[in-house]
Amino acid sequence: MATHPLPASSVVRMLQDNGINKVKLFDADAVTMEALAGSGIEVMVAIPNNLLDLLTDYDAARDWVHQNVSRYSFDGGVNIKYVAVGNEPFLTTLNGTFLNVTFPALQNIQRALDDAGHGDSIKATVPLNADVYNSPKDNQVPSAGLFRSDIADLMTAIVQFLNQSGAPFTVNIYPFLSLYGNDNFPLDYAFFDGTSSPVVDNGIQYTNVFDANFDTLVSALAAAGVGGLPVVVGEVGWPTDGDKHASAELAQRFYAGLLRKLASNAGTPLRPNTYVEVYLFSLVDEDAKNVAPGNFERHWGILRYDGQPKYAMDLTGQGRNTALVAARGVSYLPRVWCVLNPGAASQDGVGSRLGDNVNYACTYADCTSLGYGSTCNGMDAAGNASYAFNAYFQAQDQAEEACGFQGLAVRTLKDPSTNTCNFTIQIETSSATGTPVVAMAMAVLVSVLAVMVTP
């Protein structure tokens, strides 16, 4: 979700430049799929939640497979490996909206894949949030893991179906959210470099929440009668802005530990020395994403909005201090910024007008970096106003009228950025419209990378 998405062809080239050979999409956008054709990159293509009800009808499921799978299944086409049926459809915050339609949609999509001759090579799965399982309050250890009581029967039916069809269980695990949602959560337990207070379970020491969460799922699967079902981690990551714990330094620490762990093929205590497939969330920052869960939502990318690396990152997990390869051929809008007019402070009644105009700018542009604990927090009122005005100006393709704000703003050629706060110059895109658009799924809504760890 971005105002100025990177071109899909540039993103595919960037994936290839970095040796990334698997990508997870959140829809079947035609431009994205066509860009992936011939790349050899393995794809998990998704069906949005709002289509699940429609796909409870088999004919609709067959049509979806024809349009979004068969269409690309040819020599030199798209290397589709999975179809993701929905995205975290059983989140408690969704109030049961998709409880009755997800499983029928999953069954119909797998049947349609089978009937179209794709069933042996392409499997349907459902990416689920880790909130579908837990341990009892009086015994919060991984070995006591069970599926959530309100959906236990449904989850048992789904995992048994996945087991029969040969599909993996796909789960999204976020140590950052454990930390974000609980001020008493021990910081070091979110990472992979040791903790002073491990969780002890039947003699097993869990030194990080990722392993504990993963093994809670393993226990829940065993309790449902499918203890050997393969597990794919469909999303895991760490944001870099929008919260006191969302920083480039902590993200780098998290990924270094995760990638080192995966490269060592250590597995988890309940699945030691086991192949693990993990998709990092996400590839690129998204300046138009919904921030209802938190301001950090727009800053999950391992790359900035323009495809530039944020920090050193060794995808091989060998500990080398290397940088990702940036997107090539990115064009930017002119080096012009929109800032608070220095003479505005002397105007009568400027206080309320300034507040109203800043609120307007931040309603239609991304101001999440101004929040508490964020990279641009701590500037004075003038700096905050300038940041907001520039964010709107850039989102609107630097249109002259977008730097008015009732005479409070003025354009400048001098970069107002500080040591910690970047005043963005947006990229130039043919699809830029000045309003938030659904960007090409692979470019910005992507859970990327699969770190392939062979047994």
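Quick caveat: nothing in here was measured; it's all calculated off a predicted structure. (Residues numbered from 1 in each chain as written. Predicted model: local features only at pLDDT ≥ 70, side-chain atom pairs only at ≥ 80, totals over all residues. Heavy atoms only, no water.)

## Topic: the overall build of the chain
At step 1: Along the backbone of the chain there are 11 helices and 17 strands.
At step 2: Relative to a compact globule of 455 residues, whose C-alpha radius of gyration would be 23 Å, the chain shows 23 Å and is just as compact.
At step 3: Reported as C-alpha extents along the three principal axes, the dimensions of the chain are approximately 70 × 55 × 45 Å.
At step 4: Within the span of the chain, comprising 455 residues, buried residues form 56% of the whole.
At step 5: Summarising the internal contacts of the chain: among those between residues at least 6 apart in sequence, 72% fall at separations of at least 24. (Helix = DSSP H or I, 4+ residues; strand = E, 2+ residues; numbered from the N terminus. Rg over C-alpha atoms; globule rule 2.2 N^0.38 Å. Buried < 20%, exposed > 50% of the residue type's maximum accessible area, 1.4 Å probe, protein only. Contact = heavy atoms within 4.5 Å.)

## Digging into helix H3 (residues 58-68)
At step 1: Considered for burial, the residues of H3 that qualify are Tyr58, Ala60, Ala61, Trp64, Val65 and Asn68. Around the axis of H3, the buried residues are gathered within 160° of arc, so they sit on the same side.
At step 2: Of the surrounding secondary structure, the elements contacted by the buried residues of H3 are helix H2 (30-36), strand S2 (42-47), strand S3 (79-85) and helix H4 (102-115).
At step 3: The residue sitting at the N-terminus of H3 and contributing the capping side-chain oxygen is aspartate 57; that oxygen lies 3.3 Å from the backbone nitrogen of aspartate 59. (Arc of directions from axis to C-beta. Polar contact = N/O pair within 3.5 Å; in protein donor to acceptor, adjacent residues only side chain to side chain.)

## Some words on the pattern of salt bridges
At step 1: Under the criterion given, the structure shown has 18 salt bridges.
At step 2: Two residues, lysine 24 and glutamate 235, come together in a salt bridge whose shortest N-O distance is 3.4 Å. With lysine 24 in strand S1 (residues 22-24) and glutamate 235 in strand S11 (residues 231-236), this pair connects stretches of sequence that are 211 residues apart.
At step 3: On the basis of relative accessibility, which here comes to 5%, the residue glutamate 235 falls in the buried class.
At step 4: A salt bridge links arginine 335 to aspartate 415, with the shortest nitrogen-to-oxygen separation between them at 4.0 Å. Of the two residues, arginine 335 sits in the loop between strand S14 (277-281) and strand S15 (337-340) while aspartate 415 sits in the loop between strand S16 (409-412) and helix H11 (441-444), which places them 80 residues apart along the sequence.
At step 5: You can call arginine 335 exposed: its relative accessible area is 55%.
At step 6: What emerges from the salt-bridge pattern is a single network uniting Asp131, Arg148 and Asp150. (Salt bridge = Lys/Arg side-chain N within 4 Å of Asp/Glu carboxyl O.)

## Notes on the domain arrangement of the chain
At step 1: By domain assignment, the chain separates into domain 1 (8-303) and domain 2 (333-454).
At step 2: Of note, the centres of domain 1 and domain 2, computed from C-alpha atoms alone, are 32 Å apart. (Domains from an automatic or database assignment.)

## So, the state of the cysteines
At step 1: Taken as a whole and assessed by the stated rule, the structure comprises three disulfides.
At step 2: Note on cysteine connectivity: cysteine 338 is disulfide-linked to cysteine 403, with sulfurs 2.1 Å apart. Given an S-S torsion of about 95°, the disulfide between cysteine 338 and cysteine 403 has right-handed geometry. With cysteine 338 in strand S15 and cysteine 403 in the loop between helix H10 (381-395) and S16, the pair connects residues that are 65 residues apart, well separated along the chain. By the burial criterion, cysteine 338 is buried, and cysteine 403 matches it.
At step 3: With its sulfur 2.1 Å from that of its partner, cysteine 362 forms a disulfide with cysteine 367. Residues cysteine 362 and cysteine 367 are joined through a disulfide that is left-handed, its torsion about the S-S bond being -85°.
At step 4: Each bonded cysteine of the chain is numbered by sequence order, and under that numbering the disulfide pairs are 1-5, 2-3, 4-6. (Disulfide = S-S within 2.5 Å.)

## Digging into the nonpolar core
At step 1: Trp64, Val83, Val85, Ile109, Phe147 and Phe169 are the most contacted members of the largest nonpolar core, which has 105 residues in total.
At step 2: Looking at this core, the element that brings in the most residues is helix H7 (residues 209-223), giving eight residues.
At step 3: Contact partners of valine 83, with chain neighbours within four places excluded, come to Val45, Ile47, Trp64, Val69, Ile109, Leu113, Ile122, Lys123, Ala124 and Thr125.
At step 4: Among the nonpolar cores identified, the runner-up in size contains 30 residues, and Leu333, Ala402, Cys403 and Phe405 belong to it. (Core = buried A, V, L, I, M, F, W, Y, C linked by side-chain atoms within 4.5 Å.)

## Concerning the environment of leucine 250
At step 1: Relative to the elements of secondary structure, leucine 250 occurs in helix H8 (residues 248-263).
At step 2: For the pair leucine 250 and tryptophan 238, spaced 12 residues apart in the sequence, the C-alpha separation amounts to 7.7 Å.
At step 3: Leave out the neighbours within four places in its chain, and leucine 250 touches Phe191, Trp238 and His245.

## Notes on unusual backbone geometry
At step 1: Here phenylalanine 281 and serine 282 are connected by a cis peptide whose omega angle stands at 5°.
At step 2: With respect to the secondary-structure elements, serine 282 resides in the loop between S14 and S15.
At step 3: The phi angle at glutamate 88 is positive, at roughly 50°, despite the residue not being glycine.
At step 4: Tracing the backbone shows glutamate 88 in the loop between S3 and H4.
At step 5: Backbone geometry places phenylalanine 405, a non-glycine residue, at a positive phi of 50°.
At step 6: Residue placement: phenylalanine 405 occurs in the loop between H10 and S16.

## Some details on the packing of H3 against H4
At step 1: Relative orientation of the contacting elements H3 and H4 amounts to 55°, with a least axis distance of 8 Å. Taken together, the axes of H3 and H4 are oblique relative to one another. Between H3 and H4 lies a crossing of right-handed hand. Every residue of H4 that contacts H3 at Tyr58, Ala61, Arg62, Trp64 and Val65 is listed here: Asn108, Ile109, Arg111, Ala112, Leu113 and Asp115.
At step 2: Partitioning the contact of H3 with H4 into residue classes produces seven nonpolar, one polar and three charged. (Axes fitted to C-alpha atoms, helices over the stretch in contact; angles between N-to-C directions. Parallel < 35°, antiparallel > 145°, perpendicular 65-115°, else oblique. Left-handed = near helix turned anticlockwise from the far one by under 90°. Nonpolar A, V, L, I, M, F, W, Y, C, P; charged D, E, K, R; others polar.)

## Section: the packing of helix H9 (residues 350-363) against H10
At step 1: At a closest axis distance of 8 Å, the pairing of H9 and H10 adopts a crossing angle of 40°. Relative to H10, the element H9 lies oblique. Here H9 and H10 pass one another in a crossing that is left-handed. Only Ala385, Ala388, Phe389 and Tyr392 of H10 make contact with H9, whose side of the interface consists of Leu354, Asn357, Val358, Tyr360, Ala361 and Cys362.

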